[in-house]
Amino acid sequence: MIDRAPDVLPVAIALVAAWGLLGVVRYVRADRGTRASIRQAVRVRCGWMRLARMAGLTVTDKTPGLLGQLAAPKGTTSPPRVLTPRIKVTADQFGVVVRAKCLPKVGLEEFQRAARFLADSWRCTRVSVLPDGPGRVVIRGVRLDPLVTQTEHRPTGRPPADLSRWELGVDEYAAPVCVSLANVPGVTVAGVPGAGKTSLINWLVCDLAPSRAVQFAVADGRCRQPMRVTTPTCGPVCSRSSVTTWTRRTPCSSAWSRCGVPGPRRSVTCSG
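What you see is a predicted model; the values in this text were computed from it and never measured.

1. Overview of the overall build of the protein
What the protein contains, in helices and strands, is 7 helices and 10 strands. Burial statistics for the protein: of 272 residues in total, 25% are counted as buried. Considering only intrachain contacts with a sequence separation of at least 6, the fraction spanning at least 24 residues in the protein is 50%. Accessible area of the protein: about 19800 Å², with a carbon and sulfur share of 58%.

Here you go:
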């Protein structure tokens with residue numbers, strides 16, 4: 001019989017080296033915020049066993065298992081085991097996402113009560129705990145506040161697949177936020193100066209502009225004098241039956257007139 005046990009060690013070393021190389025490549029290619037989150041994720045994994053015991057997220061199993069009974073000396077019982085919820089940590093630009101398995105007496109309520117301790121230990125601005133299916137919870141730790149962090153939106157140049165969805169950005173936990181525009185006759189965007197109303201409208205216009213099913217009609221009422229719509233008598237450029245729209249530039253004093261139409265610095269656009 002050929003002993004192939006020594007061949008397992010090189011394979012294991014190669015797998016560990018490949019896994020470490022992928023981690024290094026991901027760390028190098030990430031941006032500055034994601035690199036900080038990756039380091040934070042490493043600290044969360046390494047300190048989870050100790051933190052879980054201090055935060056009361058462990059349970060003592062006094063029933064000996066099969067392996068414990070076999071390993072215990074004859075006539076004795078194995079000592080009780082301290083069980084800790086298993087976790088899986090992922091990092092992004094704003095922080096970490098921890099998915100944990102619940103244990104008896106360590107469920108959603110226990111994780112929610114320990115959220116403030118987790119935030120202090122993980123150096124997070126805020127931590128939320130939500131259910132993630134039967135017997136599972138998802139813990140969102142935000143290192144940077146997404147509401148005060150500057151973001152950048154780059155339109156793809158292609159029409160969106162669903163024109164009734166308006167992507168608004170992210171919430172306080174960096175989760176995507178969208179509203180449905182289906183069967184909505186109108187939308188009002190309000191806020192204090194500098195809150196991002198113009199950026200939000202520009203985001204919508206840039207995303208919907210490539211679609212042929214969308215038409216835009218823009219009215220800007222920031223002029224110092226009221227706007228007037230009329231049909232003047234033009235020269236050979238346009239006629240009375242032409243659709244004429246009077247517009248005024250901002251500031252109003254910088255406008256001009258076309259088609260030879262007299263007027264106090266107004267501009268006219270004629271289309272036959």
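2. So, a positive patch on the surface
Side chains of Arg35, Arg39, Arg43 and Arg123 sit close together on the surface and give a patch of like positive charge. Examined against the element boundaries, Arg43 turns out to sit in helix H2 (residues 32-46). Assessed through its relative accessible area of 45%, Arg43 is described here as partly exposed.

3. What about the sheet that holds strand E6 (residues 136-142)?
Ordered by their spatial adjacency, 4 strands build an open sheet running E3-E4-E6-E5, and the pairing between neighbours is antiparallel. Only two strands of the sheet have a single partner each, and these edge strands are strand E3 (87-91) and strand E5 (126-131). Adjacent strand axes in the sheet meet at a mean angle of 15°, parallel and antiparallel pairs treated alike. Of the pairings in the sheet, the one linking strand E4 (residues 95-101) to E6 comprises 7 bridges and is antiparallel in character. Of the residues in E6, the one forming a bridge with Gly95 is Val142. Here H2 sits on the sheet in contact with E3 and E4, set at roughly 165° to E3.

4. What to know about helix H6 (residues 115-122)
Buried within H6 we find Ala115, Leu118, Ala119 and Trp122. Mapping the buried residues of H6 onto a view down its axis gives an arc of 100°, with all of them on the same face. Turned more than 90 degrees away from the buried face of H6, the exposed residues are Arg116 and Asp120. Buried residues along H6 sit against H2, helix H3 (48-54), E4, helix H5 (108-113), E5 and E6. At the exit of H6 stands Arg123, carrying a positive phi of roughly 60°.

5. Focus: the pattern of salt bridges
Going through the model one piece at a time under the given rule, you end up with 6 salt bridges. Across the pair Arg81 and Asp61 runs a salt bridge whose closest N-O atoms are separated by 2.6 Å. Residue Arg81 is located in strand E2 (residues 81-83), and its partner Asp61 is located in strand E1 (residues 59-61); the two are separated by 20 residues in the primary sequence. A salt bridge links Glu167 to Arg165; the shortest N-O distance between them is 3.4 Å. According to the relative accessible area criterion, Glu167 is partly exposed, its value standing at 31%.

6. Regarding the nonpolar core
Counting 26 residues, the largest nonpolar core has Trp48, Leu57, Val98, Phe111, Trp122 and Ile139 as the members making the most contacts within it. Breaking this core down by element, the ones donating at least two residues are H2, H3, E3, E4, H6, E5 and E6. If you tally residues by element for this core, the top one is H6, at 4 residues.

7. Here's the deal with the environment of Arg32
When you line up the elements, Arg32 lands in helix H2. A relative accessible area of 77% places Arg32 in the exposed class. For the pair Arg32 and Gln93, spaced 61 residues apart in the sequence, the C-alpha separation amounts to 8.1 Å.

Cut-offs applied
- Residues numbered from 1 in each chain as written.
- Predicted model: local features only at pLDDT ≥ 70, side-chain atom pairs only at ≥ 80, totals over all residues.
- Heavy atoms only, no water.
- Helix = DSSP H or I, 4+ residues; strand = E, 2+ residues; numbered from the N terminus.
- Buried < 20%, exposed > 50% of the residue type's maximum accessible area, 1.4 Å probe, protein only.
- Contact = heavy atoms within 4.5 Å.
- Areas by Shrake-Rupley, 256 points an atom, 1.4 Å probe, with all protein chains shown as cover.
- Patch = residues over 30% accessible without salt bridge, like charges linked within 9 Å, V, L, I, M, F, W, Y side chains within 5 Å.
- Salt bridge = Lys/Arg side-chain N within 4 Å of Asp/Glu carboxyl O.
- Lys, Arg positive; Asp, Glu negative; His and termini not counted.
- Charge placed at Lys NZ, Arg CZ, Asp CG, Glu CD.
- Pairing = 2+ DSSP bridges.
- Axes fitted to C-alpha atoms, helices over the stretch in contact; angles between N-to-C directions.
- Arc of directions from axis to C-beta.
- Core = buried A, V, L, I, M, F, W, Y, C linked by side-chain atoms within 4.5 Å.

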